[in-house]
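# Remarks on the overall topology
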Amino acid sequence: MQAGVIAVQGDVSEHAAAIERAARAHGEAADVVEIRQSGTVPDCDVLLMPGGESTAISRLLRREGIDEEIRDHVAAGKPVLATCAGLIVAATDAKDERVETLDLLDVTVDRNAFGRQKDSFEAPLDVSGLDSPFPAVFIRAPLIDEVGEARSAPEASGEEQPASTGDGEGTPVNDGESVEVLARWDGDPVAVRQGPVVGTSFHPELTSDSRIHDLAFFDTVEVSGQ
Ligand code: GLN
């Protein structure tokens, strides 16, 4: 499978290693490409959106024209795993005008809700579909404070729906799919799935446990050309 790691900023090498490890465990090889320019995303079967600094990541994605390619990838039903800053960029609203969100997940996030770097922590987390807790690493992590409902598709409702602009205020790409909360911390969602997109507040790429990658990619992935 061709796995694209969005590499404009953030923990890129950790994501590359994690998807290679996860694929190996499934007897597959992940051919990892680091994405810094437009033109490569359309060749990717799966995408990974790293943690880092969401203001920088969103600005660079827009500048390089990668933002629309990611939205097209999701619209085509291809999987994405977005972690921490990646989740913030994937949201519909980050409540911060410096982040131009991509509307991949119908959620509102609270950046740095857990506090500063020193408030980073690791905790065992119950994740739906996993039979034992996941070792979740939270680093200046966002919380998800609003989760959207599935909206009816335009043809079903008969109403005109506004086209998404990708500016953080549009209609999510996976409009007709509901957001499933996969895990909560202290009552608030920290892992969600909507259609082919999985977003986590924490960093599964920083542990050797591949089960979040399994949920994101190996239950759903269809490798092109096979
Ligand atoms: N708080 C960071 C942001 O707002 C995300 C931190 C992370 O990705 N570890 O972008």
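Since this is a predicted model, take the numbers as computed values, not measurements. (Residues numbered from 1 in each chain as written. Predicted model: local features only at pLDDT ≥ 70, side-chain atom pairs only at ≥ 80, totals over all residues.)

Okay, the environment of Leu-130 next. Looking at where Leu-130 falls in the secondary structure, it is placed in the loop between β6 (121-125) and β7 (134-138). What makes Leu-130 partly exposed here is the crowd of 16 C-beta atoms within 10 Å. Along the backbone, Leu-130 and Leu-215 are 85 residues apart, and their C-alpha atoms lie at a distance of 9.0 Å. (Helix = DSSP H or I, 4+ residues; strand = E, 2+ residues; numbered from the N terminus. Buried ≥ 20, exposed ≤ 12 C-beta atoms within 10 Å, placed from the backbone.)

To continue, consider the site of the ligand. Close to the ligand lie Gly-51, Gly-52, Glu-53, Ser-54, Cys-84, Ala-85, Ile-88, Arg-111, Asn-112, Ile-139 and Arg-140, which account for all nearby residues. In terms of residue class, the shell around the ligand is built from 4 nonpolar, 4 polar and 3 charged. (Near = placed C-beta within 6 Å. Nonpolar A, V, L, I, M, F, W, Y, C, P; charged D, E, K, R; others polar.)

Moving on, we get to the pairing of β7. Burial runs high along β7: 4 of the 5 residues are buried. Both β6 and β7 contribute to a ladder of 5 bridges, which runs antiparallel. Bridge assignment links Glu-122 to a residue of β7, and that residue is Val-137. (Pairing = 2+ DSSP bridges.)

Our focus in this paragraph is the UniProt feature "active site" (unreviewed entry) in the protein chain. In the UniProt entry, the feature "active site" (unreviewed entry) is given for Cys-84, His-203 and Glu-205. Look at the named residues: they lie 122 residues apart in sequence, but the longest C-alpha span between them is just 10.7 Å, so in the fold they bunch up. On the basis of neighbour counts, which here come to 25 C-beta atoms within 10 Å, the residue His-203 falls in the buried class. Setting aside residues no more than four positions away along its own chain, His-203 makes contact with Gly-51, Thr-83, Cys-84, Val-137 and Ile-139. Tracing the backbone through its elements, the reader meets Glu-205 in the loop between β11 (197-200) and α6 (211-218). (UniProt positions renumbered as here; feature names shortened; annotations may be inferred. Contact = placed C-beta atoms within 7 Å.)

Strand order in the open sheet formed by 7 strands is β2-β1-β3-β4-β11-β10-β9, with mixed pairing between adjacent strands. Each having just a single partner strand, β2 (31-35) and β9 (180-185) make up the two edges of the open sheet. Within the sheet, the average angular offset between the axes of one strand and its neighbour, ignoring direction, is 20°. Note: strand β3 (residues 46-49) against strand β4 (residues 80-83), 3 bridges, orientation parallel. If you follow Leu-48 over to β4, its bridge partner there is Leu-81. (Axes fitted to C-alpha atoms, helices over the stretch in contact; angles between N-to-C directions.)

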